[in-house]
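Each chain, letter by letter, is given below.
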Amino acid sequence: MSEVLVLVDAQNGAVKKPTYELLTIAKRLGTPSAVFIGAAGEAAGVAEAVKKYGAEKVYVIDDAQIKGYLVAPKAEALAQLAQQVSGAGKDLAAILLPSSAENKEVAGRLAIKLESGLITDAVDVEGDGTTTQSVFAGNYTVKAKVTKGTPIITVKPNSAAPEESAGAGEVETIAVSISDAAKTAQIVATQPRAATGRPELTEAAIVVSGGRGTGGDFTAVEALADVLGAAVGASRAAVDSGWKPHSFQVGQTGKTVSPQLYVANGISGAIQHRAGMQTSKTIVAVNKDEEAPIFELVDFGVVGDLHTVLPALTEEITKRKG
């Protein structure tokens, strides 16, 4: 079968859920192979994790020449790997990357180097390579397919349910040579995300958000999120009011999320916010205003005060969890 390269999303050797989702999608297209760009000492643990989701091979690229630089070195490394795989007489069916700001830039550069077509922010990939995208603030669904070269596709988190499937996980170390031209943009400082114990907003399977209706008190929103193991989001109104930092904002000028469950609390549902969350699989809203636009979008709606509804819901969930 054709080989499908999947870029591993990992932090400190811990593989993140979007990688398992992509490996599941890759099995529709061919034989999945994971690509780990990181410290050589973490490769064994990564290989052990990804082979449980069908990775037959794990290509390891030491990031000594890559870390500390923006985008370009990673694109060069992936291009050289793709050329080596193709040069070995194998049919390369696709290259899949988790859809993030950095990876979309990497994918664009990779597409130029390989003279291949590119699709970003797919929410589904079919077995024949046809992708589904949600565009124009989620108002339209587009089907597209790469017609030139090796399809390069970035896929949004939560686009597939990870399915375990034992793979060989054979590790192969790949040597790459990064040009000086690719090292012109250097990272001089980073600001780590504050540790909250909650999942990253764009990767979370459940998101609980609060808006103007919270009045600035996110206690009930955060309590529900914690009992559900969810990420916390906020509307633009809440962010503009200074109640939450911009990194929490869901919407057209914030982050786009597509979780299995989205719970909107005290959020009116203006188009700016809807653009960032309306591809969620199930949407629940709690709002005092029964005329709020958010109710046009939801699967389940509760007309009520979030400060009353959410504590009762949190208590019931806690009780049922035992």
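About the criteria used
Residues numbered from 1 in each chain as written. Predicted model: local features only at pLDDT ≥ 70, side-chain atom pairs only at ≥ 80, totals over all residues. Heavy atoms only, no water. Helix = DSSP H or I, 4+ residues; strand = E, 2+ residues; numbered from the N terminus. Rg over C-alpha atoms; globule rule 2.2 N^0.38 Å. Buried < 20%, exposed > 50% of the residue type's maximum accessible area, 1.4 Å probe, protein only. 1 Å grid on protein atoms, 1.4 Å probe; cavity = no way out; pocket = protein on both sides within 12 Å on 5 of 7 lines; lining within 4 Å. Points joined across faces, edges and corners; volume = space filled by probe spheres on them. Nonpolar A, V, L, I, M, F, W, Y, C, P; charged D, E, K, R; others polar. Axes fitted to C-alpha atoms, helices over the stretch in contact; angles between N-to-C directions. Parallel < 35°, antiparallel > 145°, perpendicular 65-115°, else oblique. Left-handed = near helix turned anticlockwise from the far one by under 90°. Contact = heavy atoms within 4.5 Å.

K.L.:
Help me understand the overall build of the chain, please; the structure alone is not making it clear to me.
P.N.:
Broken down by element type, the chain carries eight helices and 16 strands. Over its C-alpha atoms the chain spans a radius of gyration of 21 Å, differing by no more than 12% from the 20 Å that the globule rule assigns to 322 residues. For the C-alpha atoms alone, the extent of the chain along its principal axes is close to 65 × 40 × 40 Å. Counting the 322 residues in the chain, one finds 50% classified as buried.

K.L.:
Teacher, can you tell me more about the layout of surface pockets here?
P.N.:
Any empty space left between atoms is shown by rolling a water-sized probe over those atoms. Considered as a void within the structure, the second largest pocket measures approximately 230 Å³ in volume. Along the wall of the second largest pocket there are 14 residues; nearest its centre are R212, S235, A237, S268 and A270. Listing elements by their share of the lining of the second largest pocket, those giving two or more residues are helix 6 (236-240) and helix 7 (271-274). Broken down by class, the residue content of the lining of the second largest pocket amounts to three nonpolar, nine polar and two charged.

K.L.:
Would you take a moment to explain the packing of helix 5 (residues 219-228) against helix 8 (residues 306-321) for this structure?
P.N.:
A pair of packed helices can be characterised by two numbers: the angle between their axes and the separation between those axes. Running from amino to carboxyl end, helix 5 crosses helix 8 at an angle of 20°, the nearest separation of the two axes being 9 Å. Considered as vectors, helix 5 and helix 8 are oriented roughly parallel to each other. Crossing of helix 5 against helix 8: the hand is left-handed. Every residue of helix 8 that contacts helix 5 at A220, V221, A223, L224, V227 and L228 is listed here: L306, L310, P311, L313, T314, I317, T318 and K321. Of the residues belonging to the contact of helix 5 with helix 8, the class tally is eleven nonpolar, two polar and one charged.

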